[in-house]
Every structure is written in C-alpha cells, then in structure tokens.
Amino acid sequence: TSVGIIGGGIAGLACARRLAQLGLRAVVFDTGKRGPGGRASSRTWRGHVVDHAVQFTAGTDPDFVAALEASGAVRRWGDD
C-alpha cells in the first residue's frame, strides 16, 4: 500500500516517517525547489548554511523532542 503526502515540510516528512515505521510506503510530493523541509529548511547564503524561516521550535512532548533530536536536523540552542 502506498500513501501520497502533499508537502515536504516538517509535518509531511514526519508523517512519511511514521507511515514507514508502520510498514507503509509513503511518497512525498513537494515543489522542493531547493530540497525538503519546507519552511524549516536551510539555505546556503554567501557560503554559510542559514535557516530559511524557522528560527526555533519548542517541544514539550517527549516523543516529539526525541524525533527531532534523532533526525539530526535540529540542535539545542547553545550547543555550538
């Protein structure tokens, strides 16, 4: 079974990941002009990688925080 997901932002990518964990094939459809992530993506600007739009996220749900940390896409403020 395949599931189509419209949008490659954080919600669409999280949905695809969860569906894969459940054994379903997920196909993400996105304009993806510069890569996945939607508003939570990064861009290269003047030789540096910078956040495109999302400056921070706050997580109170332990599963959400664990998923963010495991993704490698985020880091805790001040860990640099």
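Residues numbered from 1 in each chain as written. Predicted model: local features only at pLDDT ≥ 70, side-chain atom pairs only at ≥ 80, totals over all residues. Heavy atoms only, no water.

Please give an account of the overall build of the protein chain that cites residues and values.
Scanning the protein chain from terminus to terminus reveals two helices and four strands. What you see in the protein chain, going N to C, is helices and strands ordered as β-α-β-β-β-α. Counting across all 80 residues of the protein chain, residues that qualify as buried make up 12%. For the protein chain, long-range pairs separated by at least 24 residues make up 22% of all intrachain contacts whose partners lie at least 6 apart in sequence. A total of about 6600 Å² of accessible surface is found on the protein chain, and carbon and sulfur atoms cover 55% of it. (Helix = DSSP H or I, 4+ residues; strand = E, 2+ residues; numbered from the N terminus. Buried < 20%, exposed > 50% of the residue type's maximum accessible area, 1.4 Å probe, protein only. Contact = heavy atoms within 4.5 Å. Areas by Shrake-Rupley, 256 points an atom, 1.4 Å probe, with all protein chains shown as cover.)

A description of the environment of Phe29 should follow, citing residues and the corresponding values.
Structurally, Phe29 can be placed in strand β2 (residues 25-29). For the pair formed by Phe29 and Ile5, sequence separation is 24 residues and the distance between their alpha carbons is 6.0 Å. Discounting chain neighbours no more than four positions away, the residues touching Phe29 are Gly4, Ile5, Ile6, Gly7 and Gly8.

Residues and numbers for the pairing of strand β3 (residues 42-45), please.
For β3 and strand β4 (residues 48-51), the ladder comprises four bridges, and the chain directions are antiparallel. When the bridges of β4 are listed, Arg43 appears paired with Val50. Here β3 hands over to β4 after two residues, with Arg46 in that stretch at a positive phi of 55 degrees. (Pairing = 2+ DSSP bridges.)

With reference to specific residues and values, describe helix α2 (residues 62-71).
The opening residue of α2 is Asp61, an N-cap whose side-chain oxygen sits 3.2 Å from the backbone nitrogen of Asp63. Gly72, located one to two residues past α2, shows a positive phi value of around 75 degrees. (Polar contact = N/O pair within 3.5 Å; in protein donor to acceptor, adjacent residues only side chain to side chain.)

Describe the environment of Arg25, with residues and values.
As for its position among the elements, Arg25 is in strand β2. With 22 residues separating them in the primary sequence, Arg25 and Val3 have C-alpha atoms 6.2 Å apart. For Arg25, the residues in contact, after removing those within four places along its chain, are Thr1, Ser2 and Val3. A polar contact of 3.3 Å, which involves the side chain of Arg25, links it to the side chain of Ser2.

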